[in-house]
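Residues per chain are reported as follows:
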Amino acid sequence: MSLLAAGALQGFHCCPFTWQCHSKGSHEGRPGMGLTAVIFLLVLASRHQPTAGVGHDPLLVVDDYEDGGIRLKCLSERLFSEAQLLWTDSRGDNITGTPLSADTGTAGVSSSIVLKAGSGNSMSCRILDKQLKTSTESSVAIADAFFPSTSPWLAAFVVILLLSIFLVLAAIYKIRNNNKEITRAQNARKQIEQDIDELKRKLENEDAEKRIENVRNELKFRKARSNAVNITLDQTCKHPNLCISDDKRRVKSADKKETALKAMVVATEGFPDKKHYWEVEVGNQSQWELGVVSENVRNMIMNNMGISPPVNGLFSLQYSQGKYILTGREDVSDCKQCSVVGVLLDVESSELSFYSVEEMSPLGSVVLEFTGKLYPFFSPDSSGKWLGVRPVKPQTYDPLPQGEKEINK
């Protein structure tokens, strides 16, 4: 007798006309369970050693997916005490199933087993009647399409997915790094702009301070020039190798072999007090010396005109080898060479100051320590060029701007 085992209990509803089983439950996400599942069931019920009475064939139920396979249930009305249930695979090997009920006294014979792909796809359930010495059997065959399986495209999909995730993360990392670089570049640019602004402010302040200093120096020069006096050279107080002009305002070396800065001439005028200013044209002489000597040094030169003047009692500005050197000091100014030097003797303040007339700026000053009068002196180089006192003429100056007037106040 043939029997179509329809999964009517829990798994499938089977149609005896089309031999198709339809799933009652929803198996969304499982391959083959969302659509009508066509399972070809071949249920062969064979009776061995038939005897009188009605036979009961086992009922096979396709239950659910489990552990990578499909769980099958075999049910019978026979009691455990009357019958025995055996599972047999497609090769005829007996397989131990799992009893569905622990009550062996009153419950019917039932068991379940998980059928996996590759195991022959068919399974038989046999019921052995211990009393009647008969057996009945039901079989089921399930196509491979209904077993859970991994799509061949899944690995490629996973690789593409992982690669996409990696590319997205790499893009995010690159964008973040680019944003950091842009931020650092913007911050560096802002810092450079701030440094430039700060430098501009410093330069503006320095320019303003320089202008203020120039104005102050010019004012000092104007005030010094207002104390101009007339200076003449003393023919009786000069070195023998020096020659004085007829107007007694210029002097030069008569012996070009004479070593420079050893021959000098002293002025006729001596100043015991107050302020006195005069200007000297030095031209482009390579070296010269200007200043004042004390009355004792003047008398010493006058009595012995062939000797070099002593260091004590002599206060001067010397120009040699492109440098200005004050008495008792090293190079004190890097000013460019000037052709006219202004000299201010401030006896009251015990200070001797020197100015560049062209620049109207100071060249330096010397503190005086003396007694008696102070006399101007002049020492040209040995080139034979004239070095002379020039008259100080009144000059007109452009009025100072209002802001600079306030500064000078």
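None of these values were measured; they are calculated from a predicted model.

As for the confidence of the model for the protein chain
Alright, step 1. Confidence in the prediction for the protein chain averages 77 pLDDT; 76% of positions are at 70 or higher.
Alright, step 2. Mean pLDDT across the elements of the protein chain bottoms out in strand β2 (residues 20-23) (37) and peaks in strand β15 (residues 275-281) (95).
Alright, step 3. Scored below 50 in pLDDT, residues 1-55 shows 107 contacts in the model against residues more than four places distant or in partner chains.
Alright, step 4. The low-confidence segment residues 402-409, where pLDDT is below 50, has eight contacts with residues more than four positions distant or belonging to other chains.

What to know about a nonpolar patch on the surface
Alright, step 1. Residues L154, F157, V158, L161, L162, I165, V168, L169 and I172 make up a contiguous nonpolar surface patch of about 800 Å² in total accessible area.
Alright, step 2. Exposure remark for L162: the relative accessible area of 54% places this residue in the exposed category.

Comments concerning the sheet that holds strand β5 (residues 83-89)
Alright, step 1. Strand order in this open sheet of four strands is β6-β5-β9-β10, and the pairing throughout is antiparallel. Bordering the open sheet on either side are β6 (94-95) and β10 (134-141), each of which pairs with just one other strand.
Alright, step 2. The pairing of β5 with β6 spans two bridges and is antiparallel. Looking at the pairing, W87 lines up with I95 of β6.

Comments concerning the sheet that holds strand β8 (residues 108-116)
Alright, step 1. Spatially, the four strands line up as an open sheet ordered β3-β4-β8-β7, and their pairing is antiparallel. Edge positions in the sheet fall to β3 (59-66) and β7 (98-99), since each has one partner strand and no second.
Alright, step 2. Relative to β8, β7 runs antiparallel, the two being bridged by two bridges. Residue pairing across strands places P99 opposite S111, the latter belonging to β8.

Quick word on the pairing of β10
Alright, step 1. Counted residue by residue, β10 has seven buried out of eight residues, so it is predominantly covered.
Alright, step 2. One ladder, built from eight bridges, connects strand β9 (residues 122-129) with β10; its direction is antiparallel. Looking at the pairing, C125 lines up with S138 of β10.

A closer look at unusual backbone geometry
Alright, step 1. Positioned with a positive phi, Q321 is a non-glycine residue whose angle comes to about 55°.
Alright, step 2. Mapping Q321 onto the fold places it in the loop between β17 (314-320) and β18 (323-326).
Alright, step 3. Of the residues examined, Q321 reaches a relative accessible area of 76% and is grouped as exposed.
Alright, step 4. Unusually for a residue other than glycine, S350 sits at a positive phi of about 55°.
Alright, step 5. Tracing the backbone shows S350 in the loop between β20 (340-346) and β21 (351-356).

Regarding the packing of aromatic side chains
Alright, step 1. Enumeration according to the criterion identifies six aromatic pairs in this entry.
Alright, step 2. Between Y319 and Y324, the ring centres sit 5.0 Å apart and the planes meet at 50°, which makes this aromatic pair tilted.
Alright, step 3. On the basis of relative accessible area, Y319 is assigned to the buried category, the value being 6%.
Alright, step 4. Using a relative accessible area of 0% as the deciding quantity, one classes Y324 as buried.
Alright, step 5. Feature note: the residues F221, Y277 and Y355 constitute an aromatic cluster, connected by ring pairs.
Alright, step 6. Directly above the aromatic system of W386 lies the positively charged group of R250, at a separation of 4.7 Å from the ring centroid.
Alright, step 7. Positioned above the aromatic ring of Y375 is the side chain of R298, whose terminal nitrogen or guanidinium carbon lies 4.5 Å from the ring centre.

The rules behind each value
- Residues numbered from 1 in each chain as written.
- Predicted model: local features only at pLDDT ≥ 70, side-chain atom pairs only at ≥ 80, totals over all residues.
- Heavy atoms only, no water.
- pLDDT = per-residue confidence, 0-100.
- Helix = DSSP H or I, 4+ residues; strand = E, 2+ residues; numbered from the N terminus.
- Contact = heavy atoms within 4.5 Å.
- Patch = residues over 30% accessible without salt bridge, like charges linked within 9 Å, V, L, I, M, F, W, Y side chains within 5 Å.
- Areas by Shrake-Rupley, 256 points an atom, 1.4 Å probe, with all protein chains shown as cover.
- Salt bridge = Lys/Arg side-chain N within 4 Å of Asp/Glu carboxyl O.
- Buried < 20%, exposed > 50% of the residue type's maximum accessible area, 1.4 Å probe, protein only.
- Pairing = 2+ DSSP bridges.
- Phe/Tyr/Trp six-rings, centres within 6.5 Å; stacked < 30°, edge-to-face > 60°.
- Lys NZ or Arg CZ within 6 Å of the ring centre and 35° of its normal.

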